[in-house]
Amino acid sequence: RPILPRSDPAPCRTLWRVLRTALKPRFLGLFGLCVVIAIAFGQLGRWQLGVAEDSASREALQSARALTPVELSTVLQPHAAFPGRLSTRPVTATGAYAGEGQVLVPDRFLDGVRGLWVITPFVVDTTGATLPVLRGFVEEPGAAGAPPTGTITITGALAPGESPSDAPLPEGQIGSVDLSLLVNTWPGDLYNAFVFLSAEVPAAGQQLTKVPTPVAPTGLKWRNAAYALQWWIFAAFAFWMWWRMVRDSAREERAHLESEPGEGADDAMPVPTGDNGAREHA
């Protein structure tokens, strides 16, 4: 039978030597230290990433609130599609709250408190169409009260409608600010948006706790995001340094054994013999 070449065991010996070195108490202790460092640096990176997101959100909110409110009809018409650029855009509108049709949206939170949003139909004078207005937040359904009467000028931030919800709820409550549901509930034309109310003039009747203007989707504050990436790189660097130390120690051990003949006998891996090994002559 043909004699196949014997595989070179040198890579296996090198790997075995490195693994044996890594399992020494000194390097196991260093590995544990690296784990602690990596966890600490990982948390610092997550903290910096949170700062990056919060900073971007604060800037976006400040920019939105700094805009001068414009009359609603100059930026949006009834039934018109809602452009994303109008999210959080401050607007004003003059009209009156409808006498009926107010609904509540449960399972909303404000400052950690669970409650309901109060959504009231507002008929705009210039178009005669209805604009859903988030008048405020209440903790109990009975606290919503009736909306103010008479002609009022409202100021607030525009927002697109929310996704439908099929959660079973009592009469007078809806699972989300679903405009497709409201258009079939309230008479007349409807704006394809709702408003987070910030002010009413005159401020008559019961005033509810205002819900803050939402923040439009934002990116990151790249400076803080770069800091987060640096912390994670430091965490990876700790493991890389540990590996370098293990590898260098294994190489030094190998060099020492090779410089003293006979000392490396125990370090060699057994090579199995078989059909490809030494054969007796017939």
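Residues numbered from 1 in each chain as written. Predicted model: local features only at pLDDT ≥ 70, side-chain atom pairs only at ≥ 80, totals over all residues. Heavy atoms only, no water.

Chemist: How would you explain the confidence of the model for the protein if you had to name every residue and give the values?
Modeler: Summarising the model, the protein shows a mean pLDDT of 81, and 76% of its residues fall at 70 or more. Every residue in residues 263–269 scores below 50 in pLDDT, and together they form ten contacts with partners more than four places removed in sequence or on other chains. Note on residues 277–282: pLDDT under 50 across the span, and two contacts to partners over four residues away in sequence or across chains. (pLDDT = per-residue confidence, 0-100. Contact = heavy atoms within 4.5 Å.)

Chemist: Kindly report on the nonpolar core, identifying the contributing residues and their values.
Modeler: As a rule of thumb, soluble globular proteins bury nonpolar side chains together. Residues Leu 72, Leu 131, Ile 154 and Leu 158 are the most contacted members of the largest nonpolar core, which totals 19 residues. For this core, the elements supplying multiple residues, two or more each, are strand E2 (90–97), strand E4 (113–124), strand E5 (130–138), strand E6 (152–159) and strand E7 (194–201). Excluding anything up to four places from it in sequence, Leu 131 contacts Leu 72, Thr 120, Pro 121, Phe 122, Val 124, Ile 154, Tyr 191, Ala 193, Phe 194 and Val 195. Val 105, Ile 119, Ala 159 and Leu 182 belong to the second largest nonpolar core, which has 17 residues in total. (Core = buried A, V, L, I, M, F, W, Y, C linked by side-chain atoms within 4.5 Å. Buried < 20%, exposed > 50% of the residue type's maximum accessible area, 1.4 Å probe, protein only. Helix = DSSP H or I, 4+ residues; strand = E, 2+ residues; numbered from the N terminus.)

Chemist: Would you mind going over the environment of Ser 163 in detail, with residue names and values included?
Modeler: Structurally, Ser 163 can be placed in the loop between E6 and helix H3 (179–182). A relative accessible area of 59% places Ser 163 in the exposed class. Taking the C-alpha atoms as reference points, Ser 163 and Ser 180, 17 residues apart in sequence, are found 9.3 Å from one another.

Chemist: Help me get a handle on the side chain of Arg 108, residues and values and all.
Modeler: Checked against the element boundaries, Arg 108 lands in strand E3 (residues 103–110). Using a relative accessible area of 15% as the deciding quantity, one classes Arg 108 as buried. Among the polar contacts listed, one links the side chain of Arg 108 to the side chain of Glu 162, at a separation of 2.8 Å. Beyond its immediate sequence surroundings of up to four residues, Arg 108 is in contact with Val 113, Arg 114, Gly 115, Trp 117, Phe 137, Glu 162, Gly 175, Ser 176 and Val 177. (Polar contact = N/O pair within 3.5 Å; in protein donor to acceptor, adjacent residues only side chain to side chain.)

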